[in-house]
Amino acid sequence: SATGVRQGDPLGALFFCFGLHPVLVECQRIINSEALTIMAVMDDITVAGPAEKVLDFLNLLRIRLHRDLGLTVNTEKSNILVNPDCPIDMRPAGFAITQTGFITLGVLVGTHAISFGDEKVREFSDLIAFIESQPANIAFPLLQACVNSKPAYFARTTHTPRIRHALAQLDQ
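What counts, and where the lines are drawn
- Residues numbered from 1 in each chain as written.
- Predicted model: local features only at pLDDT ≥ 70, side-chain atom pairs only at ≥ 80, totals over all residues.
- Heavy atoms only, no water.
- Helix = DSSP H or I, 4+ residues; strand = E, 2+ residues; numbered from the N terminus.
- Contact = heavy atoms within 4.5 Å.
- Areas by Shrake-Rupley, 256 points an atom, 1.4 Å probe, with all protein chains shown as cover.
- Axes fitted to C-alpha atoms, helices over the stretch in contact; angles between N-to-C directions.
- Parallel < 35°, antiparallel > 145°, perpendicular 65-115°, else oblique.
- Left-handed = near helix turned anticlockwise from the far one by under 90°.
- Nonpolar A, V, L, I, M, F, W, Y, C, P; charged D, E, K, R; others polar.
- Patch = residues over 30% accessible without salt bridge, like charges linked within 9 Å, V, L, I, M, F, W, Y side chains within 5 Å.
- Salt bridge = Lys/Arg side-chain N within 4 Å of Asp/Glu carboxyl O.

A. Seen up close, the overall build of the protein. Within the protein, the secondary structure is distributed over six helices and six strands. Reading the secondary structure of the protein in the N-to-C direction produces α-β-β-α-β-β-β-β-α-α-α-α. Long-range contacts, defined here as pairs at least 24 residues apart, represent 40% of the contacts in the protein between residues at least 6 apart. As presented, the protein carries roughly 11,600 Å² of accessible surface, and 57% of it is formed by carbon and sulfur atoms.

B. Focus on the packing of helix α1 (residues 12-31) against helix α2 (residues 51-69). The geometry of α1 relative to α2 is characterised by a closest axis approach of 9 Å and an angle of 140° between their N-to-C directions. Classified by the angle their axes make, α1 and α2 are oblique. As for the relative orientation of α1 and α2, their crossing is right-handed in sense. Two secondary-structure elements touch here, α1 through G19, L20, V23, L24, E26, C27, Q28, I30 and I31 and α2 through K53, D56, F57, L60, L61, R64, L65, D68 and L69. Looking at side-chain class alone, the contact of α1 with α2 contains 11 nonpolar, two polar and five charged residues.

C. Inspection of unusual backbone geometry at higher detail. Look at M42: it is not a glycine, yet its phi comes out positive at around 60°. Structurally, M42 is set in the loop between β1 (37-41) and β2 (44-48).

D. Region of the structure containing the environment of L20. Note that L20 resides in helix α1. Considered as a pair, L20 and L65 are 45 residues apart in the sequence and their alpha carbons are 8.0 Å apart. Ignoring any residue separated from it by four or fewer positions in sequence, one finds L20 in contact with M42, I45, L65 and L69.

E. Local environment of the environment of D85. Examined against the element boundaries, D85 turns out to sit in the loop between β3 (79-81) and β4 (96-98). Along the chain, D85 and Q99 lie 14 residues apart, while their C-alpha atoms are 9.7 Å from each other.

F. Structural detail: a nonpolar patch on the surface. On the surface, a nonpolar cluster with roughly 470 Å² of combined accessible area is contributed by V5, L11, L14, F15 and F18. Mapped onto the elements of the fold, F15 is located in helix α1.

Right, here's the structure in full:
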């Protein structure tokens, strides 16, 4: 390619981060708000803070990403968690708006996390019960293939008493 890095280049992700970081820092500087918390892992960006400042940051970020890097925000893959008291006119158009929560980087955010967490605990518990009911020559390969790092990651990022109970059952 004439510009950028080739698809599959192992340094591509690093170069992407080198390009994105200054844009994020500059946007935060322009908005001039220490009340904003900005976390980015590759192209997954999470911004938390007062609604007005987050909206200002988001609008500026969209402009700067397009102008400086030629990138656009995919609003279909973007989620915004708002406080129910947030006025309708302050909610950015084109984005999925939720008041209960969503999943970002595999982590549950918002009140939705509790009900979703309960559902995942049931799934893990049902899986373990099924594996326990199988003969050892079938159960062991199933255990290797089906119970991996997902339950552990889920447990580290979602804190409810039901999770601790489910993990204790998994350990048995």
